[in-house]
Amino acid sequence: MLFSSVDFAIFLPVVFLLYWFVFQRSLRLQNAFILFASALFYAWWDWRYLGLVFISAATDHLVAIGMERTSHTARRKLLLIISLTVNLGMLGFFKYYDFFIASFNDSFKLFGRDLGLSTLSIVLPVGISFYTFQTLSYTIDVYRRQIKASHDPVAFGAFILFFPQLVAGPIERASNLLPQFLAPRTFDEAKARDGLRQMLWGLFKKVVVADNCAVYVDAVWTDPSLHYGSALWVAVLLFTFQIYADFSGYSDIAIGSSRLLGFDLKRNFNFPFFSRDVGEFWRRWHISLNTWFRDYLYLPLGGSRGGKWMVARNVAIIFLVSGLWHGANWTFVAWGVANMLLFLPSILLGTHRKFTGPLAPGRIWPTYSEAFHIAATFSLIALTRVFFRSPSIEMAFNAFREMFSLSAFRPPPGTQLSHWGAMLGGAGVLLLVEWFQREQHHGLALERIPHRSVRWGAYGLLVGAMVLLAPNNGDAFIYFQF
Amino acid sequence: MAMRSSTSSSEPMRRFLLHAALFGTLVLLGIGGYFRYNRHFLPAPRVTSNEVLNMKLSHLRHRGATPAHVLAIGSSMTMNNLSSAEVMAHFGDTSFVNMGAWGVDMVQSEGLAEVLVPMLKPHTVLVVSNLNDLVNDGRRFRLDTTRVVRYLRAWGTTESYLRNLKPAYYLREMERNRIRMHDRSNYEFMGVDEHGGAGLVIPRDRIDPQRWARKPPLERWLADEQYWALDRLCAYLGERGIRLIFLQSPYRDGVRNSMVDRTVETHLARVSKILAPYDHIMLTATDRPWPDSLFVDYSHLNGRGAELFTRHVLGKLDGAGGTTRR
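Residues numbered from 1 in each chain as written. Chains lettered and ligands numbered in written order. Predicted model: local features only at pLDDT ≥ 70, side-chain atom pairs only at ≥ 80, totals over all residues. Heavy atoms only, no water.

## Brief notes about the confidence of the model for chain B
All names here are of chain B. Residues with a pLDDT of 70 or more make up 93% of chain B, whose mean pLDDT is 86. No element of chain B has a lower mean pLDDT than strand β6 (residues 324-325), which averages 52, and none a higher one than strand β1 (residues 70-74), which averages 95. Taken as a whole, residues 1-5 scores under 50 in pLDDT and shows 16 contacts with residues more than four places along the chain or in a different chain. (pLDDT = per-residue confidence, 0-100. Helix = DSSP H or I, 4+ residues; strand = E, 2+ residues; numbered from the N terminus. Contact = heavy atoms within 4.5 Å.)

In structure tokens, the structure reads:
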């Protein structure tokens, strides 16, 4: 069920009303209802893969209780290994089996041997990378004795399957979300209103910005070799907007709909387009995944201890794994490497935390220096997206070749003027609104505006834009495939 | 004992619901009013993502299962460059349906033929094409033939809209239909004649310079997948004893050069080889000049051009069939 579909527009109000008016009699009933609604939400795509989520949840529920019941270190470690094996085993099989077999075959072909191992053409279960990381963080936290195991299977199941963030995050930590399932929830009008506003902003980003950019980007990227360098430049810049509007739009809708039900999810994006260097970008982009890698991979590897070269090694590992997490394709690994190469110099020079303070504090516009840093960071990040969007490494390099050839100076192929208006107008509105809201937690946090008519006018404009500017082929959210 | 979770009947909840309902009602009223005002321009149910094909499928539903002796399928080349009057004049007392629609490439033409041929039972299928129909350009619309069949045979009108509920699509297309249903000088003119053809009449001062200057695709852009689809289409029609007439539409003289002509010749040789085993016919228009004055852009003919083109190519038919390039 897509957040931007009519199905969800019916599903969410029904869940909201039943949740607050029918099942409010007890916390357990409410949690059971969330579990049921979440299972229905997931099954809307393919009910067959629901079993995998339940296997993952059941395993970690039992493993965590087992860990808590024993103080024997070896036994606790064994239980952790069981959880890691089950979760990463399922992820590895469904997401990476075909990729590794194909890569294995290819590497043997280089030496003249054709192993002919057959792939299985496995369909990737939606959201498996997200819920696997979420449930793993729970088990690891219990293993580290940072949190207590949950003894309530319904609350735990609802925590793992919680529909707003099940298929594309934010990847929640048990320490933040699980206690919210165990405490009574009271309807909070201000929170619910703000949730609706955040959902509206997320929908605008998805429907107007991301979906319109997708039309141009997909047309060019089906076969970049057919297009001039200029068209590829335009497509790369638009794809950078598309992926941000798509993914952060999803996160906004997820966080907003959770707030309607009385839950607070973690922030996933902090206006990353206004980053002044690559280090700041990665602190503002997909925060829940990056902090996951920090806590469960970077720090266990040694973190910032052990000198610059050790830190650089650890950072390099994070970027490689992050690349692979995004998809079973060497293009994602190359994307990770490209980002690593952009980030490592600042680690080695010790400047990676240069920009941690607020941006343009007390000023309306950035200084020339800030604007230059922002534009440079945006451009570098956009260039790495060539790997992210290309179906193969070869195609990515062909695209780069064309982008840096004379054909980059030819006029790009046209699209309808109204379509340019939707793409560029939408992206412009997104940038302006988020710039002026950069101190807020989302783009449409308008509670400071005292006049209701102004606020409602703004909502009306966004709804109107969505109605009139939505392209005919609204696609699924990009991060569903990860 | 179960813990009590929340109060739902509180004042804040009442206020929240009231405001949400009020805002939702205002939005719905706005949208509803707009629909009512523009109801005459309501587009056909969005069974495919191609609005003109949806319109033609809707016409077909109303027409019912009456056989059409001559069926035309394909892209805008079929829709705009084939003159219904000339087809009727050539084939005489016959029924003719033109299902050509923008953006339909050869792969989709094959899919559509498998839906339309059993329904309309034609003895002749016309495909008007040029190089663009054999390029995979990434903008291919989604065509789910199972849905099309269900729409044509099983779903009622209301059901069809409910199953394809895309309010934004209908609103936007209604606004566009206000112009393109009547304005023949619009490139997206959809005011088709009784057979489904739509001749374009675009005055000189309204010709889009970008479209006018566009170049035909290069040879390396032509996709094998598209030729394979043509091959399958030939086989499908051949097995049923239906004659396929492949009409190659010209480019305006102003964009032709030796490279374009060579690409067209290579393409025609390949098409000819595909048609040969099935005794289908290819009719080309490359044996005479096509002055710019007959076009509205680099490949779409104007009404007069469509008449001349259709008369010219169909005039080559001797009525005996056989595998020929003429």
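## Some thoughts on the interface of chain B and chain A
It is common to give the size of an interface as the accessible area lost on bringing the parts into contact. Between chain B and chain A, the residue contacts involve 39 residues of the former and 41 residues of the latter. Summed over both sides, the interface of chain B with chain A buries roughly 3,300 Å², with 59% coming from carbon and sulfur. Where E189 of chain A meets R15 of chain B, a salt bridge forms, and the shortest distance between an N and an O atom there is 2.4 Å. Those elements giving two or more residues to the side of chain B that touches chain A turn out to be α1 (11-37) and α8 (167-180) of chain B. For the side of chain B that touches chain A, the leading source of residues is α1 of chain B, giving 11 residues. Taken together, the residues that form the side of chain B that touches chain A break down as 17 nonpolar, 9 polar and 13 charged. (Buried area = accessible area lost by both parts, 1.4 Å probe. Salt bridge = Lys/Arg side-chain N within 4 Å of Asp/Glu carboxyl O. Nonpolar A, V, L, I, M, F, W, Y, C, P; charged D, E, K, R; others polar.)

## A short note on the pattern of salt bridges
The final tally for this structure, using the stated rule, is 38 salt bridges over all chains. D152 of chain A is paired through a salt bridge with R28 of chain A; the nearest N and O atoms lie 3.4 Å apart. One end of the pair, D152 of chain A, is in the loop between α5 (128-143) and α6 (153-161); the other, R28 of chain A, is in helix α2 (residues 27-46), and 124 residues separate them in sequence. On the basis of relative accessible area, R28 of chain A is assigned to the partly exposed category, the value being 49%. A salt bridge links E11 of chain B to R14 of chain B, with the nearest nitrogen and oxygen atoms 3.0 Å apart. With E11 of chain B and R14 of chain B both in helix α1 and 3 residues apart, the pair spans about one turn of that helix. When its relative accessible area of 40% is taken as the criterion, E11 of chain B is described as partly exposed. We classify R14 of chain B as partly exposed; its relative accessible area is 48%. One salt-bridge network, in which partners are shared between bridges, spans K191, D194, R197, R259, D264 and E447 of chain A. (Buried < 20%, exposed > 50% of the residue type's maximum accessible area, 1.4 Å probe, protein only.)

## Some thoughts on the side chain of R252 of chain B
All names here are of chain B. One can find R252 in the loop between β4 (243-248) and α11 (258-275). The buried category is assigned to R252, whose relative accessible area is 6%. Beyond its immediate sequence surroundings of up to four residues, R252 is in contact with W212, A213, W290, D292, F295, D297 and Y298.

## Here we look at α2 of chain A
Between its terminal C-alpha atoms α2 of chain A stretches 29 Å, which fits the 28 Å expected from 20 residues at 1.5 Å a residue. Those residues of α2 of chain A that are buried lie in contact with α1 (6-22), α3 (50-69), α5, α6 and α7 (174-182) of chain A. (Expected span 1.5 Å × (residues − 1).)

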